[in-house]
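Examining the three-dimensional arrangement
Listed below, chain by chain, are the residues.
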Amino acid sequence: MKSTLKKAGYSRVQKQMHDVFLQFTSKVVFFIIIMFAFNLFFAGHYTPGGGFVGGLLAASALILLLIAYDRKTLFKMIPIDYRLIITTGLFLSLAVPTLSFLFGTPFLTHQHTYLQLPVLGEIPLHSALLFDLGVFLTVAGTTLLMIALIEGEES
Amino acid sequence: MTTDILVLLPIIIPMFAGLIMLFIGRRPMAHRVGAALTGLLMLIITLWVIIRVYNSGTMVTFIGDWAAPFGISVVIDMAAALLLLSTTIVTFAIVVYSFQSIGMEREKFYYYPLILFMLTGINGAFSTGDIFNMFVFFEVFLIASYVLITLGGTKIQLQEGFKYIVVNIVASNFFVLGIAYLYSVTGTLNFADIYLKLDNYDGNIIIMTIVAVVFLFVFATKAGVVPFYFWLPGSYYAPPMPVIALFGALLTKVGVYAIARTYSLFFIGNSAFTHQMLLFLAILTIIVGAIGALAYTDMKKVIIYNILIAVGIILTGFSIMDQTATVGAMYYLIHDIIIKAALFLLVGFIIYRTGKVDSERLGGLIGQHPLAGWAFFIAALSLAGVPPLSGFYGKLFIVQSAFENNHYIAAIILLLSSLVVLYSLIKIFINVFWGEDMDFSKLKPVKYDKLLVSSIGLVIVSVAFGLGADLLYPLFEMAAEAFHDPASYASYLTEVE
Amino acid sequence: MELIIIILSGILIGASVYLILSKSVLRIIIGTSTLAHGVHLMLLTMGELKRGNVPVLDAEVSSYADPLPQALMLTAIVISFALTAFLLAVAIKTYRELGTDNVEEMKGVPHDD
């Protein structure tokens, strides 16, 4: 039986073509997606959104660049250390809940307060934000790492 | 009490240690030191947990300060505490064993952090009090095990690892399905709350039986119970010895623990069917394991089929579900975690020293390694259940209870299985350590002091456990109480109200 | 409404069984992710669909949908997403090492050259 991967032309897929339209558009769209990702990230907790969705969107913005260019160019544009991103994310999302023991409350108990800023007005501040930042970084880093591993050569 | 950090330490500590190792990058030496220190720290903590549970009863904490049936609760009763301690002992021994056996290539690729993440998942699965949280911890240690089984990327590892991953993904999906059914019936996820809701359940009993069968399918696949053991001999054969020891000693036991928990707390309504079925499958598992253990001369395969026999024996105890049987099952569970790891490590030592896996090609090693030989002999006797070694007590209680409950065939098969275990292991012992001397010049010049220290250390722990089994009886009685008297497990919920 | 979703999830699970039982590695991977979708739909249905408003903190809403199955489903989706990606990586590595993506040929004990 002939291999499905071979039939799909797997060995040839890796050579990328230079599509000027895609490359130009993705540079612009990248910023829109990243902004939307951060919007979703900050909207979380009280309204739909949060670290996971935001992280996925941020990763997908980078993946768009990865599709338009190749890995080397992407690394030149944005130097990413997957290991550091994932580890920092995991560390944040584990350390923040653990710190709540210092305040005599159980694991994962969060504190929140409201902050009065001059221009922006009242802003809710929540310790879950730090936890969510950890989720954001982990999800973004892991997704990027997976796509890069599948896309690229052995690493 | 509810803010007790001690309950969560067995989960948090290995994860923190693993993360710190990820931070410092590919430095095998630092990883070794870190993993060994974490193991020691975990030993102290789990001992402390056992003392606390013994003195003041089940420890509970509510994550996020959400009261019990609504939030996730982490519950460590005596059964969980004993399992945590034995898991830690085994992991520590395997970490020390890995220093000289796993190879620099794998150590560079975050081998020790992966072991610690797996420990996080296993400890979490033992100590959680929430069915969905249990699924999440199952996935945590399964993902770590997926990476461990393929780490190194040899052909057989990739081939068998792929099958292992697919089988486990399918089983995990059915776990979610089972949780969905259970949630639709009970409307809660907390173990104790589900028990309270199902205790006076007056709905359709057939639905609960179906849910019981779905859960049995899931956990039987993880534990390697016949007829869902098909992946086990192949997949456990592939990775290097320390990883096999870790899988063989711990992963199947988590499945067994999950069966015991769910079948004692949830599926008590129709136990005439569900527990009989469990007993039937357990006996079949013993028989299939015995056939496999007798059929092979390959040392790895023999020990792998011995896992099946042990799983069958423990499940026999948990399916009878009275006090004697559950005490016996707890004894045998702890005993088997330790002694199986010791046997795997000893067999691994022989394989690393000689480079051969077939016991018939070896011989006369007793002159070269008397200590390893006698340790193997003691481990074999202990696994077969020769008094006063640790395997004896578990089997004694289970067989006694089987006779009391008129399960004569089960009891007889259980007793016969001891003979098979003894025969299969003594066959290895005689082939490898006695008989004609093999060509000793072909022995590999590997460093082996740490291999011997950790494997013989585990045998010593097992012997001490056997000799002190009488002293430890109150602990095991406490541990078994959660299984044969589930109301005692749920008491932390009822007392609050 | 529930019945339709349950039938849909049954179709998905049936299709995934067909895919998992086929020989090609890629089909098996698609099968596992389809199985996950079917199971997640089932999980969502168990909390009763269309019971009220979205379960978001709001003072005016009095009846809202059961948020628990949705939270569970999110967790399960994340896990199955990670697993599928990992499985794909393993499959590619396996294809490179063994030179085949046919599970019929993945038998016995292969030897490293």
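Residues numbered from 1 in each chain as written. Chains lettered and ligands numbered in written order. Predicted model: local features only at pLDDT ≥ 70, side-chain atom pairs only at ≥ 80, totals over all residues. Heavy atoms only, no water.

1. Some details on empty space enclosed by the protein
The full count for this structure, using the stated rule, is 3 cavities of 30 Å³ or more. Lining the largest cavity are 14 residues, and of these Ile169 and Asn173 of chain B together with Ala36, Ser80 and Leu83 of chain C sit closest to its centre. Counting only elements with at least two residues in the lining of the largest cavity, the list comes to α6 (131-150) and α7 (155-186) of chain B together with α2 (25-45) and α3 (67-98) of chain C. Looking at the lining of the largest cavity, the element that brings in the most residues is α3 of chain C, giving 5 residues. (1 Å grid on protein atoms, 1.4 Å probe; cavity = no way out; pocket = protein on both sides within 12 Å on 5 of 7 lines; lining within 4 Å. Points joined across faces, edges and corners; volume = space filled by probe spheres on them. Helix = DSSP H or I, 4+ residues; strand = E, 2+ residues; numbered from the N terminus.)

2. Let's talk about the pairing of strand β1 (residues 59-62) of chain B
All names here are of chain B. Residues Met59 and Thr61 line one face of β1 and the alternating positions Val60 and Phe62 line the opposite face, and both faces are buried. As paired strands, β1 and strand β2 (residues 73-76) are joined by 4 bridges and run antiparallel to one another. Residue Thr61 lies in a different strand from β2, and its bridge partner there is Val74. (Buried < 20%, exposed > 50% of the residue type's maximum accessible area, 1.4 Å probe, protein only. Pairing = 2+ DSSP bridges.)

3. Some thoughts on the interface of chain B and chain A
Taken together, the contact between chain B and chain A spans 20 residues of the former and 16 residues of the latter. Summing the contributions of chain B and of chain A, the shared interface buries around 1600 Å²; its carbon and sulfur component is 82%. One can count 0 salt bridges joining chain B with chain A. Along the contact surface separating chain B from chain A lie 2 residue pairs in polar contact (both at pLDDT 80 or more). Looking at which element gives the most residues to the side of chain B that touches chain A, the answer is helix α1 (residues 9-24) of chain B, with 8 residues. (Contact = heavy atoms within 4.5 Å. Buried area = accessible area lost by both parts, 1.4 Å probe. Salt bridge = Lys/Arg side-chain N within 4 Å of Asp/Glu carboxyl O. Polar contact = N/O pair within 3.5 Å; in protein donor to acceptor, adjacent residues only side chain to side chain.)

4. Things to note about the side chain of Thr252 of chain B
Residue and element names in this part refer to chain B. Relative to the assigned elements, Thr252 resides in helix α11 (residues 241-265). Side-chain polar atoms of Thr252 contact the side chain of Lys253, separated by 3.4 Å. For Thr252, the residues in contact, after removing those within four places along its chain, are Lys222, Ala223, Leu232, Tyr236, Phe247, Ile307 and Val311.

5. Description of the interface of chain C and chain B
Listed by partner, the interface residues are 37 residues for chain C and 30 residues for chain B. Taken together, chain C and chain B are joined by 0 salt bridges. Linking chain C with chain B are 3 residue pairs in polar contact (both at pLDDT 80 or more). A class-by-class count of the residues in the side of chain C that touches chain B yields 25 nonpolar, 6 polar and 6 charged. (Nonpolar A, V, L, I, M, F, W, Y, C, P; charged D, E, K, R; others polar.)

6. Some thoughts on helix α3 (residues 20-43) of chain A
What sets the pattern is the α-helix's 3.6 residues per turn: residues three or four places apart point alike. Residues and elements named next belong to chain A. In this model α3 runs 35 Å from its N-terminal to its C-terminal C-alpha over 24 residues, within 8% of the 34 Å that 1.5 Å per residue would give. Bending of α3 peaks at approximately 30° at the position of Lys27. Turning to α3, its buried residues number three or more, namely Gln23, Ser26, Phe30, Ile33, Ile34, Ala37, Leu40 and Phe41. Lining the buried residues of α3 we find α4 (51-68) and α7 (128-151). His45, located one to two residues past α3, shows a positive phi value of around 80°. (Expected span 1.5 Å × (residues − 1). Bend = angle between axes of the 7 residues up to and from the residue.)

7. Describing a nonpolar patch on the surface
Residues and elements named next belong to chain B. A cluster of nonpolar side chains, Phe403, Tyr408, Ile412, Leu415, Leu416 and Leu419, forms an exposed patch at the surface whose accessible area comes to about 570 Å². For the nonpolar patch, the element with the highest residue contribution is helix α17 (residues 408-433), accounting for 5 residues. When its relative accessible area of 47% is taken as the criterion, Leu416 is described as partly exposed. (Patch = residues over 30% accessible without salt bridge, like charges linked within 9 Å, V, L, I, M, F, W, Y side chains within 5 Å. Areas by Shrake-Rupley, 256 points an atom, 1.4 Å probe, with all protein chains shown as cover.)

8. Considering the environment of Lys108 of chain B
Residue and element names in this part refer to chain B. In this fold, Lys108 is placed in helix α4 (residues 104-108). On the basis of relative accessible area, Lys108 is assigned to the partly exposed category, the value being 38%. Sequence spacing of Lys108 and Thr186 is 78 residues, and the spatial spacing of their C-alpha atoms is 47 Å. If we ignore the near neighbours within four places in the chain, the residues touching Lys108 are Arg26 and Pro28.

9. Quick notes on the packing of α11 of chain B against helix α13 (residues 299-320) of chain B
Residues and elements named next belong to chain B. Relative orientation of the contacting elements α11 and α13 amounts to 15°, with a least axis distance of 10 Å. As far as their axial angle goes, α13 and α11 are roughly parallel. In this structure, α11 crosses over α13, and the sense of that crossing is right-handed. The residues of α13 that touch α11, namely those facing Met241, Ile244, Gly248, Thr252, Lys253, Val256, Ile259 and Ala260, are Lys300, Ile307, Val311, Ile314, Leu315 and Phe318. Residues of the contact of α11 with α13, tallied by class, amount to 10 nonpolar, 2 polar and 2 charged. (Axes fitted to C-alpha atoms, helices over the stretch in contact; angles between N-to-C directions. Parallel < 35°, antiparallel > 145°, perpendicular 65-115°, else oblique. Left-handed = near helix turned anticlockwise from the far one by under 90°.)

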